[in-house]
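Spelled out from the first residue to the last, the chains are:
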Amino acid sequence: MLCIIRVHGRDITEVYSEGYWIRKGWENNLRDILLYLYIIYNHKHSITMVSDLNKFIAKSVDELSNKFSSRKDLLEIVGVLLLLRRMLYTKANVLTSEKYNDFAGLVRDSLPEAYKRLESMYPILKELDLRWLFSFDRDADVWEITNLLEYIHQRCQEDSTDYVSDEVDAEVFDLLYAKTQYVKDKQCLRTPRQIIKLMVALIEPNTNESVLDTTFNSGYFLLEAYKRIQYTLLPNPEVVEKDADGFPSVPNTKDNIHLFDQQNNTYLEGVEKNEDYYRLGILNIALHGLSSVKYVKKDFFDFCRQEESQFDIVLANPPFGSRKNTSFESSIRDVRFETQYMDIQFLVRILQFLKPGGRACIIVPESSLTKTVRDYVYYRRLLLEEYALEAVISLPAGTFSPVTNAKASILVVHRTKSVERVWFYELENIGYSLDRNKRRTKGLPLQDCLKRFSDRHNARPNGDQKLGFFVDKEAIQKNNWVLAVKRYKKPEYEPIEQVDPQKLLAELMREQQEIDSSLNVLKELLR
């Protein structure tokens with residue numbers, strides 16, 4: 001590794017290493033210089049052999065996640081640092097002083113000032129409690145994270161002619177989120193990204209529609225809805241590359257963001273009561289360049305009742321199980337409804353938010369589709385008699401591991417007149433292993449599911465049930481309104497080879513003769 005250090009008397013003035021002069025106000029700070037050189041040396045020997053930039057970013061994020069795994073605030077730190085870097089290098093940069101013309105110098109020398117300016121670019125950040133950021137200058141971890149993030153950008157800029165800084169920011173945050181998604185709260189049931197994409201594709205959001213995420217968490221339901229609409233606005237959507245799960249991967253370029261902002265009036269709103277996830281969601285949405293989102297920091301059950309019947313689409317993965325201390329009383333289509341079960345309460349409220357003709361895609365625990373408790377039976381009946389339950393898609397056990405191995409299902413519901421039959425489909429895998437490791441498996445099972453759903457009305461009535469099947473509402477009513485796929489899926493029997501009884505008897509007689517002959521020989525030997 002080539003390294004040149006310029007000195008003036010006793011002062012270190014500049015360091016040149018791997019194509020970069022890295023002075024930027026680091027005079028007399030030998031510790032910072034040696035740290036930076038160590039980082040470059042470490043990366044040059046561990047990841048520069050990776051030619052694919054996506055693999056490089058993934059490996060870099062793995063290193064970042066593993067090295068700082070004890071930091072519960074790692075996602076917030078990385079999110080804010082990436083936004084600060086974006087502010088520094090944007091054409092609309094308000095920091096024009098030569099003193100702050102590099103990312104590391106900005107973080108080291110002027111973080112409080114820079115963050116105030118960042119709030120002027122992203123006013124929503126003013127609502128967040130991020131005062132702890134001002135201790136960055138005394139945090140050695142953050143200083144190293146800053147250099148690692150800068151190195152990722154430098155490497156991508158060197159090796160790619162299509163380098164887009166905002167895309168790299170979003171990719172880094174997405175990968176880090178996936179790596180650390182169970183660190184903050186072991187009980188938080190977060191939805192796998194590929195399942196979110198499937199749900200958005202099932203519901204097909206269009207331009208000028210309003211979309212609500214009832215449990216905003218980190219914002220990925222709204223983000224994927226935004227990307228899906230963005231995809232429909234592209235002049236040549238067929239040329240867009242597909243991701244590993246077969247879904248369109250729309251580049252996060254300024255042109256695509258501008259296209260979305262100019263050509264539609266889509267309204268996106270998210271509700272989240274948890275401070276940590278609310279903060280992560282805002283940072284995530286900002287890093288992906290999405291500006292047309294309304295955030296509501298409130299318990300979903302306290303969400304303003306004036307919002308009822310105001311949304312075209314509702315996407316949700318509400319909390320599983322448990323009861324609330326208080327009973328919830330409401331009505332659906334003038335039908336009075338009261339329950340203490342949280343999952344039922346969520347579902348009822350979600351249905352109330354739909355406009356006439358609106359649609360919802362909801363994840364529910366499979367146990368709620370089979371329980372014989374009066375409240376559960378009643379809500380399933382309402383789903384079929386007061387709404388149009390279009391589909392029940394069963395997810396495999398382990399979809400939400402390691403938090404839980406409980407099975408769940410996706411419900412696709414429309415606020416239209418009830419349907420006379422419901423489509424059922426059982427997903428046997430989701431494209432990834434169902435353990436903690438989430439290793440990639442063969443095939444595109446989510447695309448198969450999506451295709452079967454789209455073609456369900458053209459399928460043969462008595463075809464292969466693995467391809468999905470319809471069940472009449474009358475049959476569901478006879479089964480106590482149970483909506484579990486396994487209740488209606490016909491058992492599969494392996495064909496049994498039929499043997500001619502005469503041949504079987506002859507074979508048994510032959511074997512018996514051999515046994516008798518062996519016994520006679522043994523008797524002779526024992527005399």
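Bear in mind the structure is a predicted one, so any value in this text is a computation, not a measurement.

J.: I'd love a proper account of the overall build of the chain, names of residues and values included.
T.: Each helix and strand in the chain was counted, giving 17 helices and 14 strands. When contacts within the chain are restricted to residue pairs at least 6 apart in sequence, those whose partners lie at least 24 apart make up 71%. Surface summary for the chain: the accessible area is close to 26,500 Å², and the carbon and sulfur share equals 48%.

J.: With reference to specific residues and values, describe the nonpolar core.
T.: When a protein is soluble and globular, its nonpolar side chains tend to lie buried together. Counting residues in hydrophobic clusters, the biggest one holds 88 residues, and the most contacted among them are Leu-84 and Ile-410. Here this core takes 11 residues from helix H3 (residues 74-89), the largest share from any one element. Excluding anything up to four places from it in sequence, Leu-84 contacts Phe-103, Leu-106, Leu-111, Ala-114, Tyr-115 and Leu-118.

J.: Could you give an account of the sheet that holds strand S4 (residues 210-213), with specific residues and numbers?
T.: Taking strand neighbours across the sheet as the criterion, the 9 strands line up as S6-S5-S4-S7-S10-S12-S11-S13-S14 in an open arrangement whose pairing is mixed. This sheet does not close on itself; its edge strands, each paired only once, are strand S6 (293-297) and strand S14 (469-472). If you compare each strand with its neighbour and ignore which way they point, the axes differ by 15° on average. Bridge count between strand S11 (residues 388-395) and strand S13 (residues 421-426): 4 bridges; the pairing is parallel. Looking at the pairing, Ile-393 lines up with Tyr-425 of S13. Contacts from helix H13 (residues 374-385) reach S11, strand S12 (408-414) and S13 within the one sheet, and its direction differs from that of S11 by about 125°.

J.: Now, about helix H5 (residues 111-121): what can you tell me, with residues and values included?
T.: Because an α-helix packs 3.6 residues into every turn, residues spaced three or four apart end up facing the same way. By the burial criterion, the buried members of H5 are Leu-111, Ala-114, Tyr-115, Leu-118 and Glu-119. Projected down its long axis, H5 shows its buried positions confined to an angular sector of 145°, all on one face. Facing away from the buried side of H5 by over 90 degrees, the exposed positions are Lys-116 and Ser-120.

J.: Go over the pattern of salt bridges with me, naming the residues and quoting the values.
T.: Two side chains that carry opposite charge are able to pair once their charged atoms sit near each other. Per the counting criterion, the structure on display carries 25 salt bridges. Its salt-bridge partner being Asp-174, residue Arg-193 comes within 3.5 Å of it at the nearest N-O pair. In this pair, Arg-193 sits in helix H8 (residues 193-203) while Asp-174 sits in helix H7 (residues 165-180), placing the two residues 19 residues apart along the sequence. Here Asp-243 makes a salt bridge to Lys-197, at a shortest N to O gap of 2.6 Å. Here Asp-243, found in the loop between helix H9 (220-233) and helix H10 (254-263), pairs with Lys-197, found in helix H8; they are 46 residues apart in sequence, far enough to count as distant.

J.: Which residues make up the packing of aromatic side chains, and what values go with them?
T.: To describe a pair of aromatic rings, you give the distance between the ring centres and the angle between the ring planes. Inspection of every chain in the model, using the stated rule, returns 12 aromatic pairs. The interplanar angle of 55° and the centroid separation of 4.9 Å between the aromatic rings of Tyr-341 and Tyr-376 together place this pair among those described as tilted. With a gap of 35 residues between them, Tyr-341 in strand S9 (residues 335-341) and Tyr-376 in helix H13 connect regions that are remote in the sequence. No difference in accessibility class separates Tyr-341 from Tyr-376, as the two residues are buried. A ring pair is formed by Tyr-376 and Tyr-379, whose centres lie 6.2 Å apart and whose planes are at 65°; its orientation type is edge-to-face. Here the residue Tyr-376 and the residue Tyr-379 both occupy positions in helix H13, the gap between them amounting to 3 residues, near one helical turn.

J.: Break down the packing of helix H12 (residues 342-353) against H13 for me, with residues and values.
T.: It is at 11 Å that the axes of H12 and H13 come closest, and there the two elements cross at 20°. Between H12 and H13, the angle falls in the class roughly parallel. Along this stretch, H12 crosses H13, giving a crossing that reads as left-handed. Contact residues: H12 offers Asp-343, Ile-344, Leu-347 and Leu-351, while H13 offers Asp-375, Tyr-376, Tyr-379 and Leu-383. Grouping the constituent residues of the contact of H12 with H13 by class yields 6 nonpolar, no polar and 2 charged.

J.: Give me unusual backbone geometry: which residues, what numbers.
T.: Even without being glycine, Glu-204 reaches a positive phi, approximately 50°. Mapping Glu-204 onto the fold places it in the loop between H8 and S4. Notably, Trp-481 is not glycine yet its phi reads approximately 65°, a positive angle. Take Trp-481: it is sitting in the loop between helix H15 (473-478) and helix H16 (485-488).

J.: Would you mind going over the environment of Asp-312 in detail, with residue names and values included?
T.: Examined against the element boundaries, Asp-312 turns out to sit in strand S7 (residues 311-316). You can call Asp-312 buried: its relative accessible area is 16%. Separated by 106 residues in the primary sequence, Asp-312 and Asn-206 place their C-alpha atoms 9.6 Å from one another. Those residues in contact with Asp-312 that sit more than four places away from it in its chain are Asn-208, Glu-209, Ser-210, Leu-354, Lys-355, Gly-358 and Arg-359.

J.: Lay out H12 in plain terms, naming residues and giving numbers.
T.: Here H12 contains 12 residues, and its C-alpha end-to-end distance of 17 Å stays within 8% of the 16 Å for a straight helix at 1.5 Å per residue. By the criterion of burial, H12 is predominantly enclosed, with 12 of the 12 residues buried. Those residues of H12 not exposed but buried are Met-342, Asp-343, Ile-344, Gln-345, Phe-346, Leu-347, Val-348, Arg-349, Ile-350, Leu-351, Gln-352 and Phe-353.

J.: For a nonpolar patch on the surface, give the residues involved together with the corresponding values.
T.: Residues Ile-515, Leu-519, Val-521, Leu-522, Leu-525 and Leu-526 make up a contiguous nonpolar surface patch of about 620 Å² in total accessible area. Structurally, the position occupied by Leu-525 is in helix H17 (residues 501-526). Overall, the relative accessible area of 66% leaves Leu-525 in the exposed class.

Rules used throughout
Numbering of residues starts from 1 in each chain and follows the order in which that chain's sequence is written. For this predicted model, a pLDDT threshold of at least 70 governs which residues receive local features, and a threshold of 80 or more governs which side-chain atom pairs are given and counted, while totals over whole chains, interfaces and linings are taken from all residues. With hydrogens and water stripped out, all remaining heavy atoms of the structure feed into the side-chain values. For helices the rule is a DSSP run of H or I covering at least 4 residues; for strands it is a run of E covering at least 2, with both sets numbered from the N terminus onward. Only heavy atoms enter the contact rule, under which two residues are in contact if any of them lie within 4.5 Å. Throughout, the Shrake-Rupley method with a 1.4 Å probe supplies accessible areas, and for residues the shown protein chains are the sole cover considered. Buried residues of nine kinds, namely Ala, Val, Leu, Ile, Met, Phe, Trp, Tyr and Cys, make up a nonpolar core once their side-chain atoms join them within 4.5 Å. Three labels apply to residues, based on accessible area from a 1.4 Å probe with only protein chains included: buried if under 20% of the type maximum, exposed if over 50%, partly exposed otherwise in between. For two strands to count as paired, DSSP must find a minimum of two bridges between them. To define axes, lines are fitted to C-alpha atoms, for helices over the stretch in contact only, and angles between the resulting N-to-C directions are given on a 0 to 180 degree scale. The arc refers to the directions leading from the helix axis to the C-beta atoms. The salt bridge definition used is simple: a Lys or Arg side-chain nitrogen within 4 Å of an Asp or Glu carboxyl oxygen. Stacked, edge-to-face and tilted are the three classes for Phe, Tyr and Trp ring pairs, Trp counted by its six-membered ring, which pair at centre distances within 6.5 Å; planes under 30 degrees apart are stacked, over 60 edge-to-face, the rest tilted. Every angle not falling under 35 degrees, over 145, or within 65 to 115 is termed oblique; those three ranges are roughly parallel, roughly antiparallel and roughly perpendicular. In this scheme the handedness of a crossing depends on how the near helix is turned from the far one: anticlockwise by less than a right angle means left-handed, clockwise means right-handed. Ten residues, namely Ala, Val, Leu, Ile, Met, Phe, Trp, Tyr, Cys and Pro, are considered nonpolar, four, namely Asp, Glu, Lys and Arg, are considered charged, and the remaining ones, Gly among them, are considered polar. Take the number of residues in a helix, subtract one, and multiply by 1.5 Å to get its expected span. A patch consists of residues whose relative accessible area exceeds 30% and which take part in no salt bridge; residues with like charges are grouped when within 9 Å of each other, and nonpolar side chains (Val, Leu, Ile, Met, Phe, Trp, Tyr) when within 5 Å.

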